[in-house]
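A closer look at the structure
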Amino acid sequence: MIRTILLSLAIALTALPASARETVEMRAEESGTAPAIPTPDVGLALGQTVPHVELVRTDGVIADLPELMGEKGAAIVFVRSVDWCPYCQKQLKQIDEIAGELSELGWPLMAVSYDDSELLAEFSEKHGLSYEFASDPESQAIKDFNLLNEGMTPGSRYYGVPHPAIFFVDTDRSVRAVLREESYKDRPAMEIVLHIAAQL
């Protein structure tokens, strides 16, 4: 069967710092019949297939998700904004430290926000970041990943932002792992992101 495993400082993560509090979900495959996996309130269920997604790269070219994948798939970081969210800015600069290792493991990193592609390009160039940025100007991918923050007022500058999350999506567009914090101010530790990638 396809089993959803909830790892929160569990056996697979015992080598990691005890201060880590994020919820990590991974999919394990075993023989048998796959039971129905309910879709969570936020995000997608493990094993669920991601809908067809188109994003705008920093050069303005539209690309679908498979074009942005590596050998195993892609590690997709959904953030609120590179423009006004300091927690996102900090995360995006920190995660560059493991971008090369993620790519070597077959999971190239990609950051997605509703910011326009020019703004994303400026942020990436300013901080010398080595991984891909992609714009979701209508927040369609954010909605497709069930991440839309519905607490924001429609028409405001904040409407369309996601709940921050990291998804590992394989080349079959299947969700393999999800890392997400309860508070938008907190983000998964880099060592946990790398640890998960190495297990997939």
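See the structure printed just above.
Since this is a predicted model, take the numbers as computed values, not measurements.

For helix α1 (residues 86-94), the full list of buried residues reads C88, Q91 and L92. Seen from one end, α1 has its buried residues packed into an arc of 95°, which puts them on one side.

Turning our eyes to something else, we now look at the packing of α1 against helix α2 (residues 96-104). At a minimum axis distance of 5 Å, the contact between α1 and α2 shows a crossing angle of 50°. By the angle class used here, α1 and α2 are oblique. Contacts from L92, K93 and Q94 in α1 reach D96, E97 and I98 in α2.

Moving on to the side chain of Q91. Mapped onto the fold, Q91 is located in helix α1. On the basis of relative accessible area, Q91 is assigned to the buried category, the value being 3%. Of the polar contacts made by the side chain of Q91, one reaches the side chain of R187; its length is 2.7 Å. Leaving out residues up to four positions away in the same chain, Q91 has contacts with V77, V79, I166, R187 and P188.

Within the secondary structure, S135 is located in strand β7 (residues 132-135). Separated by 2.6 Å, the side chain of S135 and the backbone oxygen of D115 make a polar contact. Here S135 is in contact with L55, V56, S113, Y114, D115, D116, S117 and L120, once residues within four sequence places are set aside.

Our next topic: the pattern of salt bridges. Scanning the model with the defined rule gives three salt bridges in all. Between R57 and E132 there is a salt bridge, and its shortest N-O distance comes to 2.9 Å. Of this pair, R57 sits in strand β3 (residues 54-57) while E132 sits in strand β7, and the two are 75 residues apart along the sequence. With a relative accessible area of 24%, R57 lands in the partly exposed category.

Our next topic: empty space enclosed by the protein. Rolled over the atoms, a probe as big as a water molecule pinpoints where empty space is left. Applying the stated criterion to the full structure yields one cavity of 30 Å³ or more. Of the voids in this model, the largest cavity is the one considered here, and its volume is about 40 Å³. Considered class by class, the residues forming the lining of the largest cavity number four nonpolar, one polar and four charged.

Right, let's talk about the pairing of β3 for a bit. For a regular strand, side chains alternate in direction, first toward one face of the sheet and then toward the other. When β3 meets strand β4 (residues 62-64), the two strands line up antiparallel, connected through three bridges. Residue pairing across strands places V56 opposite I62, the latter belonging to β4. With antiparallel pairing between neighbouring strands as the criterion, β3 and β4 make up a hairpin whose turn holds four residues, including G60 at a positive phi of roughly 90°. With two bridges joining them, β3 and β7 adopt antiparallel strand pairing. When the sheet's bridge partners are listed, R57 is paired in β7 with A134.

Tallied over the full model, the rule gives eight aromatic pairs. Consider the rings of F78 and F145, whose centres lie 4.8 Å apart with planes at 55°: the pair is tilted. Of this pair, F78 sits in strand β5 (residues 73-78) while F145 sits in the loop between α4 (140-144) and β8 (165-170), and the two are 67 residues apart along the sequence. We note that F78, like F145, is buried. Centroid distance W84 to Y158: 4.7 Å. Interplanar angle 85°. Geometry classified as edge-to-face. Placement of W84 in the loop between β5 and α1 and of Y158 in the loop between α4 and β8 is noted, with a sequence separation of 74 residues between them. We classify W84 as buried; its relative accessible area is 19%. Owing to a relative accessible area of 34%, Y158 belongs among the partly exposed residues under this scheme. Clustering of aromatic rings is evident, with ring pairs tying together F78, F145 and F167.

What counts and what doesn't
- Residues numbered from 1 in each chain as written.
- Predicted model: local features only at pLDDT ≥ 70, side-chain atom pairs only at ≥ 80, totals over all residues.
- Heavy atoms only, no water.
- Buried < 20%, exposed > 50% of the residue type's maximum accessible area, 1.4 Å probe, protein only.
- Helix = DSSP H or I, 4+ residues; strand = E, 2+ residues; numbered from the N terminus.
- Arc of directions from axis to C-beta.
- Axes fitted to C-alpha atoms, helices over the stretch in contact; angles between N-to-C directions.
- Parallel < 35°, antiparallel > 145°, perpendicular 65-115°, else oblique.
- Contact = heavy atoms within 4.5 Å.
- Polar contact = N/O pair within 3.5 Å; in protein donor to acceptor, adjacent residues only side chain to side chain.
- Salt bridge = Lys/Arg side-chain N within 4 Å of Asp/Glu carboxyl O.
- 1 Å grid on protein atoms, 1.4 Å probe; cavity = no way out; pocket = protein on both sides within 12 Å on 5 of 7 lines; lining within 4 Å.
- Points joined across faces, edges and corners; volume = space filled by probe spheres on them.
- Nonpolar A, V, L, I, M, F, W, Y, C, P; charged D, E, K, R; others polar.
- Pairing = 2+ DSSP bridges.
- Phe/Tyr/Trp six-rings, centres within 6.5 Å; stacked < 30°, edge-to-face > 60°.

The values are spatial; any link to function lies outside them.
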